[in-house]
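Results of the structural survey
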Amino acid sequence: MAITGLANVQKMLRDKVKTYRNGVRDVVRDTGRGVEFDAKMNAPPMIDGLINGEIVSDKNGYGYSVKVNAMPGSGMMRNMPVYLEFGTGLYAASYVPTLPKEWQDAARKYFINGKGTTKVHSFLNPAWVKNTSPFVYRVREVLRKG
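The sections below set out a description of the structure shown in this document. None of these values were measured; they are calculated from a predicted model.

**With respect to the packing of aromatic side chains**
Tallied over the full model, the rule gives one aromatic pair. A centroid spacing of 6.4 Å and a plane angle of 70° characterise the contact between Phe 86 and Trp 103, whose relative ring orientation is edge-to-face. Placement of Phe 86 in helix H2 (residues 80–86) and of Trp 103 in helix H4 (residues 101–108) is noted, with a sequence separation of 17 residues between them.

**Topic: the nonpolar core**
Of all hydrophobic cores here, the largest spans 21 residues; its most connected members are Ala 39, Ile 47, Phe 86, Phe 123 and Leu 124. Listing elements by their share of this core, those giving two or more residues are helix H1 (6–42), H2, helix H3 (89–95), H4 and helix H5 (124–132). Considering every element that reaches this core, the biggest residue donor is H2, with five residues. Beyond its immediate sequence surroundings of up to four residues, Leu 124 is in contact with Val 35, Ala 39, Val 66, Val 68, Glu 85 and Trp 103. With six residues, the next largest nonpolar core counts Val 24, Val 27, Val 28 and Val 142 among its residues.

Criteria and thresholds
- Residues numbered from 1 in each chain as written.
- Predicted model: local features only at pLDDT ≥ 70, side-chain atom pairs only at ≥ 80, totals over all residues.
- Heavy atoms only, no water.
- Phe/Tyr/Trp six-rings, centres within 6.5 Å; stacked < 30°, edge-to-face > 60°.
- Helix = DSSP H or I, 4+ residues; strand = E, 2+ residues; numbered from the N terminus.
- Core = buried A, V, L, I, M, F, W, Y, C linked by side-chain atoms within 4.5 Å.
- Buried < 20%, exposed > 50% of the residue type's maximum accessible area, 1.4 Å probe, protein only.
- Contact = heavy atoms within 4.5 Å.

Have a look at this one:
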């Protein structure tokens, strides 16, 4: 007994998988680029040049990361992008608890003594929220169209 058309079905499935993979990959990269762009636009001029995005090197190429480099120099100035993102002292104490746990954990790594006076100038979190909120919807659209 022979199954006719099996090669056509296999090709169709391979094409579908490729379409889905490429579509999801594009959504991931577009989202990352959007986070990067908006973070640069939101950031104070002294640190916007420290924000850069890059495609993560993995075998599927799905990733995109947005990194904020440390300020040049030494000491606490190196962490200025973090202090601007989360604030310090009382400013951080009122802002950081409003963030998701992962963001709170990141902020906690830079806690020194709670006496700082840097106001919150969040640039990365608003960019993240704005660009990742429609992510699931966009992936669903890719899967529907495929």
